[in-house]
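So the chains spell out like this:
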Amino acid sequence: MKKKVLSIIMLAICAFSAFSQAAQKLAHQSDAADAPIVYFTRDVSAEGLMKVYGALNQKKQGKVGIKVSFGAPDEDVLKPALLTQLIKATDGTMIDSCGLSGNRWTAEMNLAHARKHGFDKVGRMQMLDEKGDIDMPVKNGYLLKYARTGSHFDEYDTLVSVFKFRMHFLPALDGAIKNVTLCLGSRSGKCLIHSGGTDANHYHDTKPDVLEKSFADTLRATLDYKKNWAFINVIDSYEPEDSCRGAKNTGDIGIIASTDPVALDQCSVDFVAGTAQTAEIRAAWEEAHQVKMLEYAESMGCGKRNYRLVEVK
């Protein structure tokens, strides 16, 4: 019982620290009039998510796709209950693509994991690559000539990305950009990203700069192919799964939303990496999680890293 109470106290301290950072300005927070707005609420709930989404005033046209990650069998994924009001307001369908691992190879495998996590309890689900692929051109990319996702993607006119942001999880930064690039990609699309565009059939262990550039190329293709996007990151409690020195569970920080995916992920990094004890540790965290992809994405015209932070209460 004492350990549980202590754990709750520590999470509260971490969350308070993150809120204090916001009050003192985050690393890339700006007052510039041309900086994209990131809306922030401390309310990690379905109501809180709708507060920041509503602030975006996204024009909903045609069929709405809510891009989530249904996750692996034992993965700590986005809580489906957070989506209830968004799904009701947009009549949206939750969408995802197949994975490269053996237990996520088919549409039915992924939908089984989605049902295990409870996504079926809150709304409709669809695997985009259930019936083939489509290619999305990359204009003036670093490495890729095209990105690839499932053919059902063509059915959607309005897109909302909702993702559980995690920095200390996988090597590549786990945020909105990953959700609409690697996670959006079909199996062959994922292979293209991991190989820097050289192989659509096999997984490759990729050098960080190749992967970062591939993410930027794919993001450019996604934004060009579908124009009407909104992006939401949920920065809530999770246990770090990497070996970064000093990494800890930051507790529930909040939910943020923007029409700029680069600004959104940079803000998320600033919240979490800002808990590092020293600038040296923060730099090590950012290098380990390939945060430079945000610079490449900015250079590709996908968004800006500096942002205005507006709290919605």
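Analysis parameters
Residues numbered from 1 in each chain as written. Predicted model: local features only at pLDDT ≥ 70, side-chain atom pairs only at ≥ 80, totals over all residues. Heavy atoms only, no water. Helix = DSSP H or I, 4+ residues; strand = E, 2+ residues; numbered from the N terminus. Rg over C-alpha atoms; globule rule 2.2 N^0.38 Å. Buried < 20%, exposed > 50% of the residue type's maximum accessible area, 1.4 Å probe, protein only. Contact = heavy atoms within 4.5 Å. Areas by Shrake-Rupley, 256 points an atom, 1.4 Å probe, with all protein chains shown as cover. Lys, Arg positive; Asp, Glu negative; His and termini not counted. Charge placed at Lys NZ, Arg CZ, Asp CG, Glu CD. Axes fitted to C-alpha atoms, helices over the stretch in contact; angles between N-to-C directions. Parallel < 35°, antiparallel > 145°, perpendicular 65-115°, else oblique. Left-handed = near helix turned anticlockwise from the far one by under 90°. Pairing = 2+ DSSP bridges. Phe/Tyr/Trp six-rings, centres within 6.5 Å; stacked < 30°, edge-to-face > 60°. Lys NZ or Arg CZ within 6 Å of the ring centre and 35° of its normal. Polar contact = N/O pair within 3.5 Å; in protein donor to acceptor, adjacent residues only side chain to side chain.

**Thoughts on the overall build of the chain**
Okay, step 1: Counting its regular elements, the chain contains 10 helices and 10 strands.
Okay, step 2: Taking 20 Å as the expected radius of gyration for a compact globule of 313 residues, we find that the chain reaches 18 Å, a close match to that expectation.
Okay, step 3: When its C-alpha atoms are laid out on the principal axes, the chain stretches across 50 × 40 × 40 Å.
Okay, step 4: Expressed as a percentage of its 313 residues, the buried residues of the chain come to 57%.
Okay, step 5: Put simply, of all contacts in the chain between residues at least 6 apart along the chain, 74% involve residues at least 24 apart.
Okay, step 6: Accessible area of the chain: about 13,400 Å², with a carbon and sulfur share of 52%.
Okay, step 7: Of the side-chain charges in the chain, 39 are positive and 39 negative, and the distance between the mean point of each set is 3 Å.

**Observations concerning the packing of helix H8 (residues 261-273) against helix H9 (residues 279-288)**
Okay, step 1: Packing of H8 against H9 leaves a shortest axis separation of 11 Å and a crossing angle of 135°. Considered as vectors, H8 and H9 are oriented oblique to each other. You can see that H8 and H9 cross each other, and the crossing is right-handed. Of the residues in H9, those touching H8 at Gln266, Val269, Asp270, Val272 and Ala273 are Arg282, Trp285 and Glu286.

**Side note on the sheet that holds strand E1 (residues 37-41)**
Okay, step 1: Strand order in the open sheet formed by eight strands is E4-E3-E2-E7-E8-E9-E1-E10, and the pairing between neighbours is mixed. Unpaired on one side and paired on the other, strand E4 (125-127) and strand E10 (308-311) mark the two borders of the sheet. Neighbour to neighbour, the strand axes of the sheet diverge by 25° on average, direction disregarded.
Okay, step 2: Here three bridges tie E1 to strand E9 (residues 254-258), and the two strands are oriented antiparallel to one another.

**Overview of the environment of valine 68**
Okay, step 1: For valine 68, the location among the structural elements is in the loop between strand E2 (64-67) and helix H3 (84-90).
Okay, step 2: For valine 68 and leucine 184, which are 116 residues apart along the polypeptide, the C-alpha to C-alpha distance reads 8.9 Å.
Okay, step 3: Each residue touching valine 68, except ones within four places of it in the same chain, is listed here: Leu78, Leu83, Met94, Ile95, Asp96, Phe119, Val162 and Asn179.

**Concerning the packing of aromatic side chains**
Okay, step 1: Per the stated rule, a full pass over the model turns up six aromatic pairs.
Okay, step 2: Relative to tyrosine 225, the ring of phenylalanine 153 lies with its centre 6.2 Å away and its plane at 15°, an arrangement referred to as stacked. On the criterion of sequence distance, the pair formed by phenylalanine 153 in the loop between strand E6 (146-150) and strand E7 (158-164) and tyrosine 225 in helix H7 (residues 208-225) is long-range, its members being 72 residues apart.
Okay, step 3: Classification of phenylalanine 153 as buried rests on a relative accessible area of 0%.
Okay, step 4: By relative accessible area, which is 30% here, tyrosine 225 ends up partly exposed.
Okay, step 5: Through a chain of ring-to-ring contacts, the aromatic side chains of Phe153, Tyr225, Trp229 and Phe231 assemble into a single cluster.
Okay, step 6: Residue placement shows lysine 226 over the ring face of phenylalanine 153; its charged tip is 5.6 Å from the ring centre.

**Notes on the side chain of aspartate 270**
Okay, step 1: As for its position among the elements, aspartate 270 is in helix H8.
Okay, step 2: What makes aspartate 270 buried here is its relative accessible area of 1%.
Okay, step 3: Within the structure, the side chain of aspartate 270 is placed 3.0 Å from the backbone nitrogen of histidine 28, a separation counted as a polar contact.

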